Amino acid sequence: MSFKPFGVSLWVVLWSVLLSGCIFSSESQQVRETTEKFWQSVLAKDMETTKTLVTWESAQFLGFLSDNSVSAQRFETGEIKVQENIAEVATVLYGGEKGDMIIPVRTVLVRHQEVWLVDVQKTMGSMVSGAMGAVVEQLNTFMQNGLKDLDRALSDNVNQLNQNLKQGMDQLQKDLTAPPSAAPPAQAPTPPSNAI
């Protein structure tokens, strides 16, 4: 029995698995690099560099990114999904004055002649829904905190009112049980003087 054909087959299978892993890793790396360059140039307001990283069809939407509608302080990239010629990168923009407003975005890329380019229109579509979600979440948090503060304020006011009513009742009870103070004796009317 010869193990040579089996060994060669096993070697070919292992080599192809390693090669496909390298290719996928390379694709993912290219997608991540393009995404990071894109967002760095957008946040730096470097539209010349940004134009080189987007699809020709979606370049017209760059105006929305350059008019201060994206005022993020920084960004982070996460999970990458690559399916044939389309890739999505989970991206988080940190906006607001303090950089504490989280806006989840799906950066959408398209492979064009072996190069990955950002589809601005689809990315902005995901940004709008992500921003709306972030605003709704912040409003929800604000409302919950506001209701807690309102409950606390109402509780404090009711407690204060209860205490004032109790003090008033105690004072009224004291006033009712105390003996009446001696009234000054009624003075007899002075007779009119008969001066003649």
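Refer to the structure above for everything that follows.
So, here's what we can say about the structure. (Residues numbered from 1 in each chain as written. Predicted model: local features only at pLDDT ≥ 70, side-chain atom pairs only at ≥ 80, totals over all residues. Heavy atoms only, no water.)

## A closer look at the pattern of salt bridges
We count it as follows: A pair is scored as a salt bridge if a Lys or Arg side-chain nitrogen falls within 4 Å of a carboxyl oxygen belonging to Asp or Glu. A run of H or I in DSSP becomes a helix once it reaches four residues, and a run of E becomes a strand once it reaches two; helices and strands are each numbered from the N terminus. Only protein chains enter the calculation, and the probe is 1.4 Å; a residue is then buried if its accessible area is under 20% of its type maximum, exposed if over 50%, and partly exposed in between.
Following the criterion strictly, the structure yields four salt bridges and no others. The salt bridge involving Lys51 is made with Glu48; its shortest N-O contact spans 3.6 Å. With Lys51 and Glu48 both in helix 2 (residues 47-51) and three residues apart, the pair spans about one turn of that helix. Its relative accessible area of 56% is what places Glu48 among the exposed residues. A salt bridge links Arg106 to Glu88, with the nearest nitrogen and oxygen atoms 2.8 Å apart. Here Arg106 is found in strand 3 (residues 101-112), whereas its partner Glu88 is found in strand 2 (residues 86-95), with 18 residues between them in sequence.

## As for the environment of Lys98
Here Lys98 shows up in the loop between strand 2 and strand 3. Spatially, the C-alpha atom of Lys98 lies 9.7 Å from that of Ala72, the residues being 26 residues apart in sequence.

## A short note on the packing of aromatic side chains
Here is the rule we go by: Whether two aromatic rings pair depends on their centres lying within 6.5 Å, for rings of Phe, Tyr and Trp, where Trp uses its six-membered ring; planes under 30 degrees apart make the pair stacked, over 60 edge-to-face, and the rest tilted. Remark: a charge is flagged as sitting over a ring if the NZ atom of Lys or the CZ atom of Arg is within 6 Å of the ring centre and within 35 degrees of the ring normal.
Counted under the stated rule, the structure contains two aromatic pairs. Between Phe38 and Trp39, the aromatic rings sit 4.9 Å apart at their centres with planes inclined by 75 degrees, giving edge-to-face as the arrangement. As far as burial versus exposure is concerned, Phe38 and Trp39 are alike and both buried. Seen in terms of ring centroids, Phe61 and Phe64 are 6.3 Å apart; in terms of plane orientation they differ by 25 degrees. Their pairing is stacked. In this structure Phe64 comes out as partly exposed when scored by relative accessible area, which is 46%. Lying across the ring of Tyr94, Arg74 places its NZ or CZ 3.8 Å from the centre.

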